[in-house]
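One letter stands for each residue in the lines below.
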Amino acid sequence: MSRYSDPIVKAVLGPTNTGKTHYAVERMLGHSSGVIGLPLRLLAREIYDRIVGLKGTEQVALITGEEKIIPPRARFYVCTVEAMPVEKRFAFLAVDEVQLMANHERGHIFTDRVMYARGMEETLFMGAETARDVLATLVPRIKFDHRERFSELHYSGPTKLTRLPKRSVVVAFSTAEVYAIAELIRRYRGGAAVVMGGLSPRTRNAQAEMFQSGEVDFLVATDAVGMGLNLDTDHVAFAGLTKFDGRRRRYLTPMEAGQIAGRAGRFRNDGTFGTTGDCPAMDEDLVRRIEAHEFEPLHYVEWRNSDLDFSTIDSLMESLHTPRPTNRLRRIKGADDEAALERLKAIDEVHDALKTRIQVKMLWDVCQVPDFRNLTIDTHVKMLQDIWRTLMRGGGRLSDDFMERKINRCDDTFGGVDQLSARLAHIRTWTYCASKVNWMPNSSGGAEHWINHAREVEDRLSDALHAALTARFVDRRTRKLLKGIGADLDMSATIKDTGEVYVDDDLIGRLDGLKFTADASQGGLEAQALAAAAQQAVGPEVDRRLTSISSGTHQIFTLSDTGDIMWGGMVVGRIAPSGSVFTPDAEVIGGELGKDVLREMAADRMREFLRAAVNDHLVPLKALKDMIAADDTLPAAKGFGYILLENNGSVERREHLQTVRDLDQDARRQLRSVGVVFGHYNVYLQDMVKPKPARLLSLLVAFGVGGDKKPWIPFAGVTSIKNEGDLASSNFTDQALALAGYRAVGNRIIRFDILNRLSFIIREAQDHFQKSKKPDVRGHKFQVMAEMLALLGSTYEDVQGVLTALGYKSETVAEPLTQSEQPAETAPAAETAVVEPALVTAPAVPDVAGQTPAPEATAPDASAVPASPALTATPPKPQSKPRPKKTLTLYRNRVTDEAGVATEQENLEYWHFPTRGQKGFKPGGKGKPAFKGKRDKRPNKGPNPRRDAPKGPKPPTARQVENSPFAALAALKSPKKD
C-alpha cells in the first residue's frame, strides 16, 4: 500500500443494515485487485467464504491475526484491519467500521489506515455517520455518500428470557453472562447457540449455522455481533447496558447500543430491540436516538505514531511517544504491546541483549503477540520472554522442539467448555507465531509444517468445543451449575464447576449455591484484596442465579430432610422459623452479594413453592380445619376436631379417653368424613400418615415457629423399624414421631395404622383363645400369631417387646391351655349359633369413609344378634354361601439342633392384660388407659363372667327369644309335635 493521497477517496456512511459492506465487496470485485479490512476475524471469515463462492479459492486470500490463507495467485485479500498487508499495492482498498477510530484499544490501528492506506484506483471507508467530521479533517479531499437503512427499528420494551420471541439474539457483555443466559434458555426454551469473539472461526461458524438453519431459535452472543456480523434475526435483546472496556465498567454509548440493536431486521424486514433478564429498561432519550439513528459525532480519535525508529530501544520508545500532528487525534494510553515492552525492557536479560536494529524490531514484534488467554500482564510477559529467549538463541527463529512442545501441550480434546476454551485460546497464540514466517525454523517442513500442525490442533479443539457447547446449551439436561469468568475485574476471576473461585490462579473461596465463603488459607492484606475482587466477580453470578430462581417454576425446587430448599442440587434457601404449618415462610441462604430486590423475589418464589406443597399434600389437615369452621359441624365434633388440629392431626387416645367416649355417633361420623381414624392407641388422620404429607408436616413443624429443628424422617414407605441407631426415639421428641405418623413401642417404631391393625389381630387372637381354651382356664389370654410378625416385619423377640410396651404380660406354662377344636359338623348347631356372634370382631378393613373402624364400634349392635338359636342355625332362604373367615396362624418356634436339623416346638407363652388388683397392673400406664368405670364389688372368687366373657353384646334372654318375630316365623314353618 502506498502512503499518498489518492484522488478517488470516498466514505460511505450510514446506520446498520444499509448494505455498506456488500457495496464495498461488489466494488472490490470490479477491480483487478483489492483488499478489505474488517473489524472482526469472524466477519472476515464470513466475507472470505462469500467471495470464495464467487471467485474460487485460488483468487482469494484470508489474513487474520492467527489465520493465513494466501494462494500464489490471489487477487483479493480479506483481512482484519490489523492484518492488512501495508507493504502491498492494490487497485482497491476498503476499511469497514471506521468509527472504531475512537476505540481505546484498537482505535489507533483504524486511524492509521484511514490516514495512510490507499488504493491505487479507489479507496472506500465505511462506517457510521458519527465519523464524518473526523474523516473530513484527516482526509481533506474525501467525498461522502450517505445511505439510509433498508428497514426500521422499533423498541419493544423489557421481555422475560422465557418469553423472548423466536429468532432472537441475546447480547451480553461477558463470558459468564453468555453462559448463564444460554443455560437458562436451554432449560426453558430448548437450547441456544453461542457466539463470542474468543471462539475460533470454525466453532463460531458451526454455532452460527445452528441458529441460521433453525436448529435452535435463539443465539446468545457478546457485542461482537454489532460489528457487521450478519444474522437472520428479528429481535435483539440486551441482557445489560454496561460493559467492561478493559479499564472500567461503564454504560454503553448510544452509538454502541445502536450498532448492536441494528443487527435486528435484515434488508427490508423491520426489527425490534429491547431488554431482558435483570437489565433495566432503556430511557426514552436512548430509545429515540437508536430508532432515529441520531448519535453524537466523534470529536477526536485514538492515534499512535506508526513510523517507528528501531535503531535502539530508547529510540523506539521515543518514536512511540511522538506528539500528535492534529488536535483531532489523541495519543492512545495503556496499549498492551507498550505495557509488555516496558516490562521486557526492565529485564536485564532482554535489555542487555539488544544490540542491533533487527533485535529491537524483533522485540517489538514479540510484544505485539496478542494476549488471547486474557490473563494478567505479568503472566503474558513471562510467555513473551520465553518466546524472545528462544528467538535469540535460534538466531531469530523458533526451534522445532519449542514449537512442538507448545503445540502438543494444547492437543487435548477432553474436558468441558472452560477447559477447551482455555486450550483454544492458547493454541491461537502458537497459530499466530506460526504465521510469522520469518520466525519459523529452517527445517524440512518449514513454516508451512507448523502452520498446518497448529491449524490441525485448533480445528480439533474447535470441533470439541462446538460439541461441548452444543451438549451444554442444547441437549444436556444434567448440568445446572452456572459458572463464568469475571470479565469486569482487572484480575481475571473464574468460578469452577465445584464452586471454587479463582482470581489470578489463586483459590480465594467457594460459591455454594448463593453463599460465598472466603478461603481461610489466605491472610493479611492480600486476602482482603482478593476477597474484594471476588465479590465483584461473584456478585453478577449471584444475581444471575437469583434471577433464574425467581423466574423458575415450582418443579425446580426440592425440600431436603434438613429443611433446606434445593435448586439444581444446591442449597439456596430454607424453611423460615417465622411461618406456620398452613402459611410457611422461606428465607434465602446467602445471596448477600446479589441485589436486594432479587433476593426478595427469590424468597417470594420459595415461599410460593412451600405453600403450593401445603396445598398439594396437607389436604386432610386443611379439610379438618374447614370442618371445624363449618356452621353445620356439631359442637362435640368441632371441639375434638380443634384438639386434633392443635396437635397437627394426631393424639394419643389415652390422653383424651373421656373426650373420645363422650363423642356420639353423629359427631364421629362427621370426623370420619374428613379422614379421622379412632384407633385403639391413637386418633389420627388416615391420609396424613402417608410418606409425602407426613414428611412435609414434620419439616414445617420442626423448622417453623418454635420448632426444635429435629424432624423424624423415616425411609419412604417403611411401616415399622427398629428403635435404634440414628432414628432411635431417644434422639427425638414424641411429637416428632407423631408428626410423621409413628409411635415408639418398645424396641420398634410403628406407624399408627399398623399399630391399629395390630390391635385387631390381638383381639382376633383373644377370640381364638376363648373358643379353644380348656374349661378350667381363666382370663382373656392370647398367643403370638405369625400374622403379628408379618405385619411388623420383625422377629418374635421384637413382638415380645412391643406387647410388653403396650402393657401386656406374658406367662409360660408347662402344657397348652387350649384344647383341640372339635370338627364343625359335630358341634351343636343351636349352641354355637347363639354364642358365636358375640365372639366375632369387626374386620380390619376400611369402612365406608375409607377408615378403620374405631374399637368401640368393632362389636356388632345388639339388633344384629340372632334372636333364636334354631332360626340362626337354619336361616330362611339363604342367598349365598358365607365367606369363610380367615383364621390366624399360631407362631411356632423353630429350634436347630447340633446336627443342623430344624424342628418346630409348640409355643407355650401366653399373653394377657393385667386387670386391677393383678400383679403388673399400672393404672394409667403407657399403652393402656386407666380404668375409670365402676368396679365389680363381688368377691374375686372363681371366674368373673364380666371380665372373662368375650367382648360384644350380651346373648339374648329367653324372653327376648320367645318374643322375637323370628321365633313366630319359625313356629309357623316347624311341624307341630303331638
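About the criteria used
Residues numbered from 1 in each chain as written. Predicted model: local features only at pLDDT ≥ 70, side-chain atom pairs only at ≥ 80, totals over all residues. Heavy atoms only, no water. Helix = DSSP H or I, 4+ residues; strand = E, 2+ residues; numbered from the N terminus. Buried < 20%, exposed > 50% of the residue type's maximum accessible area, 1.4 Å probe, protein only. Areas by Shrake-Rupley, 256 points an atom, 1.4 Å probe, with all protein chains shown as cover. Pairing = 2+ DSSP bridges. Axes fitted to C-alpha atoms, helices over the stretch in contact; angles between N-to-C directions. Contact = heavy atoms within 4.5 Å. Core = buried A, V, L, I, M, F, W, Y, C linked by side-chain atoms within 4.5 Å. Salt bridge = Lys/Arg side-chain N within 4 Å of Asp/Glu carboxyl O. Right-handed = clockwise from strand over helix to strand, strands pointing away. pLDDT = per-residue confidence, 0-100. Polar contact = N/O pair within 3.5 Å; in protein donor to acceptor, adjacent residues only side chain to side chain. Phe/Tyr/Trp six-rings, centres within 6.5 Å; stacked < 30°, edge-to-face > 60°. Lys NZ or Arg CZ within 6 Å of the ring centre and 35° of its normal. Parallel < 35°, antiparallel > 145°, perpendicular 65-115°, else oblique. Left-handed = near helix turned anticlockwise from the far one by under 90°. Expected span 1.5 Å × (residues − 1).

Attention now moves to the overall build of the protein chain. What the protein chain contains, in helices and strands, is 32 helices and 36 strands. Out of the 978 residues in the protein chain, the part that is buried amounts to 50%. Of the accessible surface of the protein chain, which amounts to about 46800 Å², a share of 51% is contributed by carbon and sulfur atoms.

Here we come to the sheet that holds strand S29 (residues 682–685). Pairing is antiparallel across the open sheet formed by 3 strands, whose spatial order is S27-S29-S28. A strand with exactly one partner marks an edge of an open sheet, and here the two such strands are strand S27 (650–652) and strand S28 (676–678). Across the sheet, the mean angle separating the axes of adjacent strands is 10° when strand polarity is ignored. Here S28 runs beside S29; their pairing, made up of 3 bridges, is antiparallel. Across the sheet, the residue bridging to Phe678 is Val683, located in S29. Its contacts with the sheet put helix H25 (residues 752–772) on S27, S28 and S29, and the angle it makes with S29 is roughly 135°.

Let us look at the nonpolar core. Formed by 69 residues in total, the largest nonpolar core has its most connected members in Val170, Leu316, Leu341, Leu363, Ile387, Leu398 and Trp439. Sort the elements by how many residues they give to this core and helix H16 (residues 446–475) lands first, with 10 residues. Val170 has contacts with Leu161, Leu164, Ile181, Ile185, Leu219, Val220, Ala221, Ala237, Ala239 and Thr276, leaving out every residue within four places of it along the chain. Formed by 58 residues, the second largest nonpolar core is a distinct cluster that contains Ile565, Leu644, Leu697 and Val701.

Here 8 strands make up an open sheet; going across it, the order is S4-S3-S5-S2-S6-S7-S1-S8 and the pairing mixed. Unpaired on one side and paired on the other, strand S4 (68–69) and strand S8 (143–146) mark the two borders of the sheet. Note: strand S3 (residues 60–63) against strand S5 (residues 76–80), 4 bridges, orientation parallel. Counted as the bridge partner of Ile63 is Cys79 from S5. Helix-sheet contacts for helix H2 (residues 41–55) involve strand S2 (34–38), S3, S4 and S5, and the interaxial angle to S3 is about 170°.

What the rule picks out here adds up to 47 salt bridges. In this structure, Arg288 and Glu294 form a salt bridge, with 3.0 Å as the shortest nitrogen-oxygen distance. A residue is classified by how much of its surface remains accessible, and Glu294, at 43% relative accessible area, is partly exposed. Across the pair Arg304 and Glu338 runs a salt bridge whose closest N-O atoms are separated by 2.9 Å. Placement of Arg304 in the loop between strand S17 (301–303) and helix H9 (313–320) and of Glu338 in helix H10 (residues 336–345) is noted, with a sequence separation of 34 residues between them. Taking relative accessible area as the criterion, Arg304 reaches 7% and is therefore assigned buried.

This part covers the pairing of strand S7 (residues 122–127). When you tally the buried positions in S7, you get 6 out of 6 residues, the bulk of the element. Across the two faces of S7 the burial is the same, with Glu122, Leu124 and Met126 and Thr123, Phe125 and Gly127 all buried. Examined bridge by bridge, strand S1 (residues 9–13) and S7 share 5 bridges and lie parallel to one another. Paired with Val12 across the strands is Met126, a residue of S7. As paired elements, strand S6 (residues 92–95) and S7 share 4 bridges and run parallel to each other. Each bridged residue has a counterpart across the sheet, and for Ala94 the counterpart in S7 is Leu124. Of the crossover connections in this fold, the one passing from S6 over helix H3 (residues 107–116) to the parallel S7 is right-handed.

Attention now moves to the confidence of the model for the protein chain. When pLDDT is averaged along the protein chain, the result is 80; 80% of the residues meet or exceed 70. Taken element by element, the predicted model of the protein chain shows its lowest mean pLDDT in helix H28 (residues 829–839) (32) and its highest in S6 (96). The low-confidence segment residues 475–491, where pLDDT is below 50, has 59 contacts with residues more than four positions distant or belonging to other chains.

If you trace the backbone, Gln359 turns up in helix H12 (residues 357–367). Given a relative accessible area of 18%, Gln359 falls into the buried group. From its side chain, Gln359 meets the backbone nitrogen of Thr356 in a polar contact 3.2 Å long. Here Gln359 is in contact with Ala353, Leu354, Trp388 and Met392, once residues within four sequence places are set aside.

With that settled, consider the packing of aromatic side chains. The full count for this structure, using the stated rule, is 13 aromatic pairs. Between the aromatic rings of Phe557 and Phe609, the centroid separation amounts to 5.4 Å while the plane-to-plane angle is 40°, which identifies the pairing as tilted. With Phe557 in strand S23 (residues 557–559) and Phe609 in helix H18 (residues 596–617), this pair connects stretches of sequence that are 52 residues apart. For the pair formed by Phe557 and Phe609, the shared burial category is buried. An aromatic cluster of three or more residues is present, and its members are Phe782, Tyr808 and Phe913. Cation over ring: Arg147 sits above Tyr23, and NZ or CZ is 4.5 Å from the ring centre. Over the aromatic face of Trp439 sits the side chain of Lys436, whose NZ or CZ is 5.6 Å from the ring centroid.

Right, let's get into the packing of helix H1 (residues 20–29) against H2. What describes two packed helices is the angle between their axes and the distance between those same axes. Two elements in contact, H1 and H2, have axes whose closest approach is 12 Å; the angle formed by their N-to-C orientations is 40°. If you check the angle between H1 and H2, you find them oblique. Viewed along their axes, H1 and H2 form a crossing whose handedness is right-handed. Side by side, H1 and H2 meet where Thr21, His22, Val25, Met28 and Leu29 of the first sit next to Ile47, Arg50, Ile51, Leu54 and Lys55 of the second.

What follows is about the environment of His31. Residue position: His31 is located in the loop between H1 and S2. Residue His31 is classed as buried on the basis of its relative accessible area, which comes to 13%. Here the alpha-carbon distance between His31 and Ala91, two residues 60 residues apart in the chain, equals 6.4 Å. Setting aside residues up to four positions removed in sequence, His31 forms contacts with Arg75, Phe76, Ala91, Phe92, Glu121 and Glu122.

Right, let's get into unusual backbone geometry. Not every positive phi belongs to a glycine, and Glu97 is a case in point at roughly 55°. Turning to its location among the elements, Glu97 is positioned in the loop between S6 and H3. Even without being a glycine, Asn648 presents a positive backbone phi close to 60°. Within the secondary structure, Asn648 sits in the loop between helix H20 (635–646) and S27. For Asn648, a relative accessible area of 15% puts it in the buried group.

Turning next to helix H13 (residues 377–393). Between its first and last C-alpha atoms H13 spans 24 Å; for 17 residues at 1.5 Å apiece the expected length is 24 Å, and the two agree. Taken together, the buried positions of H13 are occupied by His380, Val381, Met383, Leu384, Gln385, Ile387, Trp388, Thr390 and Leu391. The elements touched by buried residues of H13 are H10, helix H11 (348–353), H12, helix H14 (400–410) and helix H15 (417–435). The positive-phi residue at the C-terminal boundary of H13 is Gly395, with phi of around 65°.

Our next topic: the pairing of S2. For S2, a buried count of 5 out of 5 residues is recorded, marking the element as mostly surrounded by other parts of the structure. Neither face of S2 is open: one carries Gly34, Ile36 and Leu38, the other Val35 and Gly37, and all of them are buried. Sheet topology places S2 next to S5; 5 bridges connect them, and they run parallel. Each residue of the ladder has a partner; that of Gly34, found in S5, is Phe76. In this sheet, S6 lies alongside S2 in parallel orientation, the contact comprising 4 bridges. Bridge pairing links Gly34 to Phe92 in S6.

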